Amino acid sequence: QQNAKLYGGEALIRYIPKFVKHITLNGSYAMVIGQKDDGTYLPYIPANKMKWSLRYENLYKGKKIYIEPEVESYASQIHPALFETATPDYILYNISAGIETQWNKKPLQIYLSGKNLANTVYYDHLSRLKYYGLYNPGINIALTFKLYLLQK
């Protein structure tokens, strides 16, 4: 056990332009630095991360629909702890779309999402599997149905 300092922050921005209906631009940046008093770095500190998305949301025939492309950018983690390895930067391209409607007068949500659509080969700095040469997942497609049976 040693004395250490952790500092960082997260900034979020949401912009809804008045001249374009149904569009929202979202952005975020997160960073953490963890350093012991002797100048060495703490283990398992995530790399700096920036995320941007552009969301289109509208009502169509009484149904709420949306589509949202997203870009996640991770900086390289060049300050590993004593028994860690540095992790290179990478970018992930994602997209999600969905509809909210009703089925038998019960709320129904259907979502389709795709993560890492460029099939980027990468290690997340926090992954404990990277030491075994196992990369994070490639393209990941998910279809989600949510039916709320107990709502009035």
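All residue numbers here refer to positions counted from 1 along the written sequence of the relevant chain. Thresholds applied to this predicted model are a pLDDT of at least 70 for local features of residues and 80 or more for the giving and counting of side-chain atom pairs; totals over whole chains, interfaces and linings are not thresholded and use all residues. Remark: hydrogens and water are excluded; side-chain values derive from all non-hydrogen atoms of the structure.

Participant: Would you take a moment to explain the overall build of the chain for this structure?
Facilitator: Across its full length, the chain carries 0 helices and 7 strands. In sequence order, the secondary structure elements of the chain are arranged as β-β-β-β-β-β-β. Computation of the radius of gyration draws on C-alpha atoms, with the globule rule given as 2.2 Å multiplied by the number of residues to the power 0.38. The C-alpha radius of gyration computed for the chain amounts to 20 Å, which surpasses the reference 15 Å derived for 152 residues by more than 25%, pointing to a less compact arrangement than a globule. Dimensions of the chain along its principal axes, counting C-alpha atoms only, are 60 × 40 × 35 Å. A run of DSSP states H or I qualifies as a helix once it reaches four residues; a run of E qualifies as a strand once it reaches two. Both are numbered from the N-terminal end.

Participant: Sorry if this is basic, but what is going on with unusual backbone geometry here?
Facilitator: For residues that are not glycine, phi is negative in most cases, and the peptide bond is trans in most cases. Its identity as a non-glycine residue notwithstanding, Lys-61 has a phi of 55°, on the positive side. With respect to the helices, strands and loops of the structure, Lys-61 is situated in the loop between β3 (49-60) and β4 (63-74). Judged by relative accessible area, which is 67%, Lys-61 ranks as exposed. In the Ramachandran plot, Lys-105 falls in the positive-phi region, its phi being about 65° despite a non-glycine side chain. By secondary structure assignment, the location of Lys-105 is in the loop between β5 (90-103) and β6 (106-115). We call a residue buried when its accessible area falls under 20% of the maximum for its residue type, exposed when it is over 50%, and partly exposed in between, using a 1.4 Å probe and counting protein chains only. You can call Lys-105 exposed: its relative accessible area is 70%.

Participant: In this structure, what is going on with the packing of aromatic side chains? I would like to understand it.
Facilitator: The geometry of an aromatic ring pair is captured by the separation of the ring centres together with the interplanar angle, meaning the angle of the planes. Side-chain rings of Phe, Tyr and Trp (the six-membered ring for Trp) are treated as a pair once their centres are within 6.5 Å; stacked means planes under 30 degrees apart, edge-to-face means over 60, and tilted covers the remaining angles. By the definition in use, this model includes 4 aromatic pairs. Pairing Tyr-90 with Tyr-122 gives two aromatic rings, centres 4.3 Å apart and planes at 25°, and the pair type is stacked. One end of the pair, Tyr-90, is in strand β5; the other, Tyr-122, is in the loop between β6 and β7 (140-147), with 32 residues separating them in the sequence. Across the pair, exposure class does not vary: Tyr-90 and Tyr-122 are buried alike. Judged by centre distance (4.4 Å) and plane angle (25°), the rings of Tyr-123 and Tyr-135 are stacked. Residue Tyr-123 is found in the loop between β6 and β7, and its partner Tyr-135 is found in the loop between β6 and β7; the two are separated by 12 residues along the sequence. Placement of a charge over a ring requires the Lys NZ or Arg CZ to be within 6 Å of the ring centre, with the centre-to-atom vector within 35 degrees of the ring normal. Against the face of Tyr-66 rests Arg-55, its NZ or CZ located 3.9 Å from the ring centre.

Participant: Could you clarify how one ought to interpret the sheet that holds β3 in this entry?
Facilitator: Paired through backbone hydrogen bonds, the strands of a sheet run either parallel or antiparallel to each other. At least two bridges found by DSSP between two strands is the condition for calling them paired. Reading across the sheet, the 7 strands line up as β1-β2-β3-β4-β5-β6-β7 and stay open at both edges, with antiparallel pairing between neighbours. At either margin of the open sheet sits one strand with a lone partner, and together these are β1 (4-15) and β7. Strand-to-strand twist across the sheet, computed as the mean angle between neighbouring axes with direction ignored, equals 15°. Relative to β4, β3 runs antiparallel, the two sharing 10 bridges. Of the residues in β4, the one forming a bridge with Met-50 is Ser-73. Note on geometry: axes are lines fitted to C-alpha atoms, helical ones only across the stretch in contact, with angles between N-to-C directions running from 0 to 180 degrees.

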